Amino acid sequence: MHPIHTTLVHKTLEPQSKVAAKAPALILLHGRGADENDLLNFAEYLDERLFLISARAPFPYQQSGGYTWFDNVEMAQPEPKMFSESYEKVIRFIEDVKKGYPVNPAKVFLCGFSMGAILSYAISLTHADAIAGVIANSGYIPEEAPLKLDWNSVRGKPFFISHGLYDPVIPFALGRRASELLRDANADVCYREYEMGHQIGEENLNDIMQWLTDHLNKGAAPHTPSIGQ
């Protein structure tokens, strides 16, 4: 499918199993120094009903190549201007995806890693109605960003949160804090810690797969994966 014109360079993968005219969608937001190809490496392991859209961060990452969503002032404090620009681009990107691709606008999930997870949290706490749920890996809630977070809006909203216990980039304590803040806001939180660093490991990926499939099956007939999924 030819990519739509929108705020972010991106790639798409159409569902392998079409059960409706408009598919549930998963928007993938990579971490610093990666690009739109990074999280698509997990595509073959995800539910085959999903329309996958993987976005590229807007700023080149000079230190090692790839792209970044923002710079950091210090730990857990994004640089305000870059953060705001990326945030606004992702908001518009989600709107454009819903209008430009054959996806169910009520079943658009976000999946972010590291900086992508931070932005996913930001979207969920300011535009909760725009998304069906969030998968946040190795990130934190950007409490210091120039945003007005609406904690009431995430009541009942599903979140899958994961973090490595040995993460040298973003301490796992920040993942725990995110889960605690969201639980206090009465969100539907599934929190997992793993014996790993700053990454998505096999056990982590298996849990993401199961969580996504469970939420896609809510209100729908149970799905039986095809052989090899």
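None of the values given here were measured: they were computed from a predicted structure.

Enquirer: Sorry, what's going on with the overall build of the protein chain here?
Expert: Within the protein chain, the regular secondary structure consists of four helices and 11 strands. Its C-alpha radius of gyration of 16 Å places the protein chain within 12% of the 17 Å reference for a compact globule of 229 residues. Sorting the 229 residues of the protein chain into buried and exposed places 52% on the buried side. Considering only contacts in the protein chain between residues 6 or more positions apart, those separated by 24 or more positions represent 75%. Accessible area of the protein chain: about 10600 Å², with a carbon and sulfur share of 48%. With 20 positive and 28 negative side-chain charges, the protein chain shows a spacing of 7 Å between the two charge centroids.

Enquirer: Mind showing me how you'd approach the nonpolar core here?
Expert: Side chains that are nonpolar tend, in soluble globular proteins, to be buried together. Core analysis: the largest hydrophobic core is formed by 52 residues, its most contacted members being Ile27, Trp69, Phe70 and Leu182. When residues of this core are assigned to their parent elements, the largest contribution, eight residues, is made by helix 1 (residues 80-100). Excluding its chain neighbours within four sequence positions, the residues that come into contact with Phe70 are Pro78, Met82, Phe83, Met115, Ile118, Leu119 and Tyr140. Residues Leu46, Leu50, Met196 and Trp211 belong to the second largest nonpolar core, which totals 23 residues.

Enquirer: Would you take a moment to explain unusual backbone geometry for this structure?
Expert: Keep in mind that most residues, glycine aside, have a negative phi and that most peptide bonds are trans. Look at Ala76: it is not a glycine, yet its phi comes out positive at around 65°. Looking at the secondary structure, you find Ala76 in the loop between strand 6 (72-74) and strand 7 (77-78). Phi at Ser138 is positive, roughly 60°, even though this residue is not glycine. Along the chain, Ser138 falls in the loop between strand 9 (133-137) and strand 10 (158-164).

Enquirer: Just checking my understanding: could you explain the packing of helix 1 against helix 2 (residues 115-124) for this structure?
Expert: Two measures define how a pair of helices packs: the angle their axes make with one another and the distance between the axes. Running from amino to carboxyl end, helix 1 crosses helix 2 at an angle of 65°, the nearest separation of the two axes being 10 Å. Comparing the axis directions of helix 1 and helix 2 gives the class roughly perpendicular. The chirality of how helix 1 crosses helix 2 is right-handed. Facing helix 1, whose interface residues are Phe83, Ser86, Tyr87, Val90, Ile91 and Ile94, helix 2 presents Ile118, Leu119, Ala122 and Ile123.

Enquirer: Looking at this model, I keep getting lost on the sheet that holds strand 9. Mind explaining?
Expert: Within a sheet, neighbouring strands are paired by backbone hydrogen bonds and run either parallel or antiparallel to one another. Spatial strand order, 1-3-2-8-9-10-11: seven strands in an open sheet with mixed pairing. Of all strands in the sheet, those bounded by a partner on one side alone are strand 1 (10-13) and strand 11 (188-194). Put simply, the sheet's adjacent strands are angled 15° from each other on average, direction ignored. With respect to the sheet, helix 2 is in contact with strand 2 (23-29), strand 8 (103-113), strand 9 and strand 10, its orientation differing from that of strand 8 by roughly 140°.

Enquirer: In this structure, what is going on with the side chain of Asp96? I would like to understand it.
Expert: Note that Asp96 resides in helix 1. Aside from chain neighbours lying at most four places away, what touches Asp96 is Ile4, His5, Thr6, Thr7 and Tyr101.

Enquirer: How do you make sense of the pairing of strand 10 when you look at a structure like this?
Expert: Both faces of the sheet carry side chains from a regular strand, because those side chains alternate between them. Extensive coverage of strand 10 is indicated by the burial of seven of its seven residues. Side chains of strand 10 alternate between two faces, with Pro158, Phe160, Ser162 and Gly164 and Phe159, Ile161 and His163 buried alike. Pairing analysis gives four bridges linking strand 9 to strand 10, with the strands arranged parallel. Across the sheet, the residue bridging to Val134 is Phe159, located in strand 10. Examined bridge by bridge, strand 10 and strand 11 share seven bridges and lie parallel to one another. Bridging from a neighbouring strand, Phe160 pairs with Cys190 of strand 11.

Quick notes on the rules
Residues numbered from 1 in each chain as written. Predicted model: local features only at pLDDT ≥ 70, side-chain atom pairs only at ≥ 80, totals over all residues. Heavy atoms only, no water. Helix = DSSP H or I, 4+ residues; strand = E, 2+ residues; numbered from the N terminus. Rg over C-alpha atoms; globule rule 2.2 N^0.38 Å. Buried < 20%, exposed > 50% of the residue type's maximum accessible area, 1.4 Å probe, protein only. Contact = heavy atoms within 4.5 Å. Areas by Shrake-Rupley, 256 points an atom, 1.4 Å probe, with all protein chains shown as cover. Lys, Arg positive; Asp, Glu negative; His and termini not counted. Charge placed at Lys NZ, Arg CZ, Asp CG, Glu CD. Core = buried A, V, L, I, M, F, W, Y, C linked by side-chain atoms within 4.5 Å. Axes fitted to C-alpha atoms, helices over the stretch in contact; angles between N-to-C directions. Parallel < 35°, antiparallel > 145°, perpendicular 65-115°, else oblique. Left-handed = near helix turned anticlockwise from the far one by under 90°. Pairing = 2+ DSSP bridges.

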